[in-house]
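A look at the structure
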Amino acid sequence: MYKLRELEKKDLFIINQWRNDTELISKLGTPFRFINLNVDEEWFDGYMQNRNSQVRCAIVEYGNDDIIGLVSLVSIDYMNQSAEFHIMIGNKNKQGKGVGTFAVLAMLYHAFNNLNLQRVELMVLEDNIIARNLYEKVGFVHEGTKRNARYKNGKFVNMLIYSILKDEYIMKHVKADKDTV
């Protein structure tokens, strides 16, 4: 079983290794860059100073506090009740084992029930079929395509825009929870 906890400075060494893993970064919308630990420490310090507009959580297993992945809500806009969603399952031994599904659902619960958001959106590489299937499974809706929006591995690629609204989340997940009781 897994849980979320707020990101801590102790997680940065592992996160830095993930962010320097070309294979892992090739599946994400961000470009690959060599990132030293000092850069990640400054990134973390920036997060700590701006916690009102972002939530960054480590994904861990119960009984083991080692980080498996990172899940975040960023650009939180309380006026429009919206945020952007990001996820990275960096521990390759845990990929494909339900960690992503758990983390997406746990962060959506937090977004809609604790932060009172109305909309959560994300962008995903068009060719990342595994991530797209996960997002669609939990209720995200494909809204559009940003053509040639990212430069990855020597070429421009499309990014797909997905979102989920609070009422869609409730209809899919709260009803499902009641049906199992």
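Heads up: these notes are all about the structure in this document. (Residues numbered from 1 in each chain as written. Predicted model: local features only at pLDDT ≥ 70, side-chain atom pairs only at ≥ 80, totals over all residues. Heavy atoms only, no water.)

In terms of regular secondary structure, the protein is built from six helices and seven strands. Listed by position from the N terminus, the elements making up the protein come as β-α-α-α-β-β-β-α-β-α-β-β-α. Taking 16 Å as the expected radius of gyration for a compact globule of 181 residues, we find that the protein reaches 16 Å, a close match to that expectation. Projected onto its principal axes, the C-alpha positions of the protein cover 45 × 40 × 35 Å. Here the protein holds 181 residues, and 40% of them are scored as buried. Restricting to contacts in the protein with at least 6 residues of sequence separation, those with at least 24 account for 59%. About 10300 Å² of surface is accessible on the protein, with carbon and sulfur atoms providing 50% of the total. Across the protein, the 24 positively charged side chains and the 23 negatively charged ones have centroids separated by 3 Å. (Helix = DSSP H or I, 4+ residues; strand = E, 2+ residues; numbered from the N terminus. Rg over C-alpha atoms; globule rule 2.2 N^0.38 Å. Buried < 20%, exposed > 50% of the residue type's maximum accessible area, 1.4 Å probe, protein only. Contact = heavy atoms within 4.5 Å. Areas by Shrake-Rupley, 256 points an atom, 1.4 Å probe, with all protein chains shown as cover. Lys, Arg positive; Asp, Glu negative; His and termini not counted. Charge placed at Lys NZ, Arg CZ, Asp CG, Glu CD.)

What follows is about the environment of tyrosine 109. Relative to the helices and strands, tyrosine 109 is located in helix H4 (residues 99–114). Those residues in contact with tyrosine 109 that sit more than four places away from it in its chain are Asn114 and Tyr169.

Moving on: unusual backbone geometry. Its identity is not glycine, yet asparagine 116 carries a phi of approximately 60 degrees, on the positive side. Relative to the assigned elements, asparagine 116 resides in the loop between H4 and strand E5 (119–125). We classify asparagine 116 as partly exposed; its relative accessible area is 43%. We note that asparagine 153 has phi near 50 degrees; this positive angle belongs to a residue other than glycine. Within the element layout of this structure, asparagine 153 appears in the loop between strand E6 (141–152) and strand E7 (155–165).

Attention shifts here to the pattern of salt bridges. Summed over the entire model, instances satisfying the criterion amount to 13 salt bridges. With a shortest N-O distance of 3.2 Å, lysine 9 and aspartate 45 are connected by a salt bridge. Taken together, the positions of lysine 9 in the loop between strand E1 (2–6) and helix H1 (12–19) and aspartate 45 in helix H3 (residues 37–49) put the pair 36 residues apart, joining distant regions of the chain. Judged by relative accessible area, lysine 9 falls into the partly exposed class, the value being 43%. A salt bridge links lysine 92 to aspartate 21, with the nearest nitrogen and oxygen atoms 2.8 Å apart. One end of the pair, lysine 92, is in the loop between strand E4 (82–89) and H4; the other, aspartate 21, is in the loop between H1 and helix H2 (22–25), and 71 residues separate them in sequence. Through salt bridges with shared partners, a single network forms among Arg5, Glu8, Lys10, Asp11 and Asp65. (Salt bridge = Lys/Arg side-chain N within 4 Å of Asp/Glu carboxyl O.)

Attention now moves to the packing of H1 against H3. Relative to each other, H1 and H3 sit at 115 degrees, their axes nearing to 10 Å. Seen from above, H1 lies across H3 with right-handed handedness. Counting all contacts with H1, which are made through Leu12, Phe13, Ile15, Asn16 and Arg19, the residues of H3 involved are Leu37, Asp40, Glu41, Trp43 and Phe44. Considering only residue class, the contact of H1 with H3 consists of six nonpolar, one polar and three charged. (Axes fitted to C-alpha atoms, helices over the stretch in contact; angles between N-to-C directions. Left-handed = near helix turned anticlockwise from the far one by under 90°. Nonpolar A, V, L, I, M, F, W, Y, C, P; charged D, E, K, R; others polar.)

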